[in-house]
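Observations on the three-dimensional arrangement
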Amino acid sequence: MRRYLLNRLWQSAVTLVLATIVVFAGVRALPGDPALALAGEDRDPESLRAIRQQYGLDQSWLVQFWQFVSHAARGDLGESIRTGTPVRSMIVSALPVTIELSVLAILIASVIGVGAGVIAAVRRGRPAEWAANALALLGLSVPHFWLGLMAILYLSVALGLFPASGFVPFFTDPVANLHHLILPALILGTGLSAVIMRQTRSSMLDALSADYIRTAEAKGLSPKAVVGKHALRNSLIVVVTIVGLQLGALISGAVVTERIFALPGFGKLTVDAVFQRDYPVIQAVVLVTATAYIVINLLVDLLYSVIDPRIRVRGEA
């Protein structure tokens, strides 16, 4: 297990270094000059030179990259060139909103998707499977922005069941916090639950046709034990993969949902930084997103070895 863990940690570290290089180079390749955006109407050469010198934009890319890496390693992500606010405080303020929204969406999607997938596999060829497939197709087909607008129109405005927008911090009022987030989490989790359902159904059908399942049935185990203890556990690797990848995707990709429900999350911070050519914020946002992907994939790899020890053995070979 130790060798497997060290191998995965080494791979993650190399990936993080490469991601840092790509982030820095990609941000510098964006069109537009941030000095011009900061100068406003005062665009004389002296003002532009002073702005570039103040923010280090007049130095070579190599020097800028070294400063970026050395400061980031100490937790200093710089200051916004638009507001002067420390980038770390901006991320600390926005990231918990998106993480909470993403985790809630993942939990909702997993419960619905895994449950529907197991039912569809066990009840193959019956109305339960047809209903689950129809709902999965609907979840994949309906755009999130349209579903979010309809939910606000009917569930918030017409019925008054949920707030239409806004956010309350969890430690300020946990009940109000969940009340504001449950509707966007449901909207965000619909498409993901459809993906999980279809993959769970496919994996369960493969598992239920395997020899060890017939052996378990021949031994007289109850259908509940066969499905829950044997078939479902061996089908979870695919589900864990999807959940892990989608959690990283939701952290960086919940922009539309956050916009619709006016949530002050990571998506809003990212869009604002891109439009304002705020280099430090863009670099920090993309770096945090890449780090989240790497950490989540590492945890998924370790979870693989818990679900199926054969993977750990192959990884140590």
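Residues numbered from 1 in each chain as written. Predicted model: local features only at pLDDT ≥ 70, side-chain atom pairs only at ≥ 80, totals over all residues. Heavy atoms only, no water.

Regarding the UniProt feature "transmembrane region" (unreviewed entry) in the chain
Under the present numbering, the feature "transmembrane region" (unreviewed entry) in UniProt falls on residues 101-122, 134-157, 177-197, 236-261 and 281-304. With 100% helix and 0% strand, residues 177-197 has its two end C-alpha atoms placed 28 Å apart. (UniProt positions renumbered as here; feature names shortened; annotations may be inferred. Helix = DSSP H or I, 4+ residues; strand = E, 2+ residues; numbered from the N terminus.)

Section: the side chain of Thr 20
Residue placement: Thr 20 occurs in helix 1 (residues 2-28). Residue classification places Thr 20 among the buried positions, given a relative accessible area of 13%. Separated by 2.8 Å, the side chain of Thr 20 and the backbone oxygen of Leu 16 make a polar contact. The residues contacting Thr 20, other than those within four sequence positions of it, are Phe 65, Phe 68, Val 69 and Leu 287. (Buried < 20%, exposed > 50% of the residue type's maximum accessible area, 1.4 Å probe, protein only. Polar contact = N/O pair within 3.5 Å; in protein donor to acceptor, adjacent residues only side chain to side chain. Contact = heavy atoms within 4.5 Å.)

Quick look at the packing of aromatic side chains
Think of a pair of aromatic rings as described by two things: how far the centres are apart, and how the planes are tilted against each other in angle. Within this structure, the stated rule accounts for one aromatic pair. For the ring pair Phe 170 and Phe 171, a centre distance of 5.5 Å and an interplane angle of 85° mean the geometry is edge-to-face. You can call Phe 170 partly exposed: its relative accessible area is 37%. In this structure Phe 171 comes out as exposed when scored by relative accessible area, which is 82%. (Phe/Tyr/Trp six-rings, centres within 6.5 Å; stacked < 30°, edge-to-face > 60°.)

Some details on the nonpolar core
In terms of nonpolar packing, the biggest core is built from 34 residues, with Leu 101, Leu 192 and Ile 196 touching the most fellow members. Among the secondary structure elements, those contributing two or more residues to this core are helix 5 (87-122), helix 7 (144-158), helix 8 (174-208), helix 9 (211-218) and helix 10 (223-253). For Leu 192, the contacting residues outside a window of four places in its chain are Ile 106, Ala 109, Ile 242, Gln 246 and Leu 250. Counting 14 residues, the second-largest nonpolar core is a separate cluster that includes Val 27, Ala 94, Ala 273 and Tyr 279. (Core = buried A, V, L, I, M, F, W, Y, C linked by side-chain atoms within 4.5 Å.)

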